[in-house]
Amino acid sequence: NAEAKVRRLRDDLAQANRLSILGQIAAGVAHEINQPVAAIRTYAENAGRFLDRGKTEPASGNLTSIVSMTERIGAITNTLRTFARRPGVAASPLPVREAIDGALSLLSGRIRDSGVTIVKPQGNPSPMVMASRIRLEQILVNLLQNALDAVKDQPDPRIEIDLAERDDRVLISVRDNGPGLGPEAAGNLFMPFQTTKEKGLGLGLVISQEIAQELGGTLQLDPGSAKGASFTIDLRRIE
């Protein structure tokens, strides 16, 4: 029926958006993997030298470091593989901080290379929401990508991720200290094909808002930011 077709189209757009994100961050991820690979080679060469001299203890230490590095590579590739996969329909209880950490992991290469200061939410434990981790990560990655673009030419680029609980709601905010948005741009933010980027399609925020609504929540631009832009995802908290 028509409703099922619309749902399929939304899913296809969301999947295309995820694959587009992966394409954009591929270079950063390659850099992330190259570092531990180079370290593995150094540790392996040193372990060989130690073994040639009969020094088994430092060789064993180097081999332990190699195992740690391979685990780091595995974590990076697993995050990518999971993010690229089409999420199942069913949501499940999710600690919000897991999705925040996953989104930051996907963008870690770009964040490091851009020199942006990321301020993560403080405190534990993480509030829980009913959501698909992939879908919530997708919203966060879109917001963080936009924030990274916004602060690109700022002298002290900074992005703050804030986490708050209000009654039965969880509020996740992504704030930047970029130039902000004019009234016209702010009014068209959630319209398809409206974008301030030269190469953008203007679909990232539209898809993110759709996903937030599917999760029983909202995504909106916060009014009255003194500097930069601030977006908040509002989801229902579960015990």
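As shown above, the structure is provided for reference.
These numbers were taken from a predicted model, which means no experiment stands behind them.

How each quantity is defined
Residues numbered from 1 in each chain as written. Predicted model: local features only at pLDDT ≥ 70, side-chain atom pairs only at ≥ 80, totals over all residues. Heavy atoms only, no water. Salt bridge = Lys/Arg side-chain N within 4 Å of Asp/Glu carboxyl O. Buried < 20%, exposed > 50% of the residue type's maximum accessible area, 1.4 Å probe, protein only. Core = buried A, V, L, I, M, F, W, Y, C linked by side-chain atoms within 4.5 Å. Helix = DSSP H or I, 4+ residues; strand = E, 2+ residues; numbered from the N terminus. Contact = heavy atoms within 4.5 Å. Axes fitted to C-alpha atoms, helices over the stretch in contact; angles between N-to-C directions. Parallel < 35°, antiparallel > 145°, perpendicular 65-115°, else oblique. Left-handed = near helix turned anticlockwise from the far one by under 90°. Nonpolar A, V, L, I, M, F, W, Y, C, P; charged D, E, K, R; others polar.

Colleague: Any details on the pattern of salt bridges? Residues and values, ideally.
Modeller: Scanning all chains against the criterion turns up 13 salt bridges. Note that R237 is salt-bridged to E239, the shortest N-O span being 2.8 Å. Since its relative accessible area comes to 21%, R237 is described here as partly exposed. For E239, a relative accessible area of 82% translates into the label exposed. Through salt bridges with shared partners, a single network forms among R158, E160, D162 and R175.

Colleague: For the nonpolar core, give the residues involved together with the corresponding values.
Modeller: Side chains that are nonpolar tend, in soluble globular proteins, to be buried together. The biggest cluster of nonpolar side chains holds 39 residues, and the ones touching the most others in it are L136, L140, I172 and I233. Secondary structure elements with two or more residues in this core: α1 (2–52), α3 (96–106), β3 (128–131), α5 (133–150), β4 (158–166), β5 (169–176), α7 (204–214) and β7 (230–238). The biggest single contributor to this core is α5, with eight residues. Residues contacting L140, with those up to four places away along its chain left out, are A99, I100, A103, I172, V174 and I233. Counting residues in hydrophobic clusters, the runner-up holds seven residues, among them I40, M69, I73 and I76.

Colleague: Which residues make up unusual backbone geometry, and what values do they have?
Modeller: When glycine is set aside, most residues are seen to have a negative phi, and most peptide bonds are trans. Unusually for a residue other than glycine, D167 sits at a positive phi of about 55°. Note on placement: D167 falls in the loop between β4 and β5.

Colleague: Tell me about the packing of α3 against α5, and please be specific about residues and values.
Modeller: Running from amino to carboxyl end, α3 crosses α5 at an angle of 55°, the nearest separation of the two axes being 8 Å. The orientation of α3 relative to α5 falls into the category oblique. At the point where α3 passes α5, the crossing takes the right-handed sense. Along its contact with α3, which presents E98, A99, I100, G102, A103, L104 and L106, the element α5 presents R133, L136, E137, L140, V141 and L144. Classifying every residue of the contact of α3 with α5 by side-chain character gives nine nonpolar, one polar and three charged.

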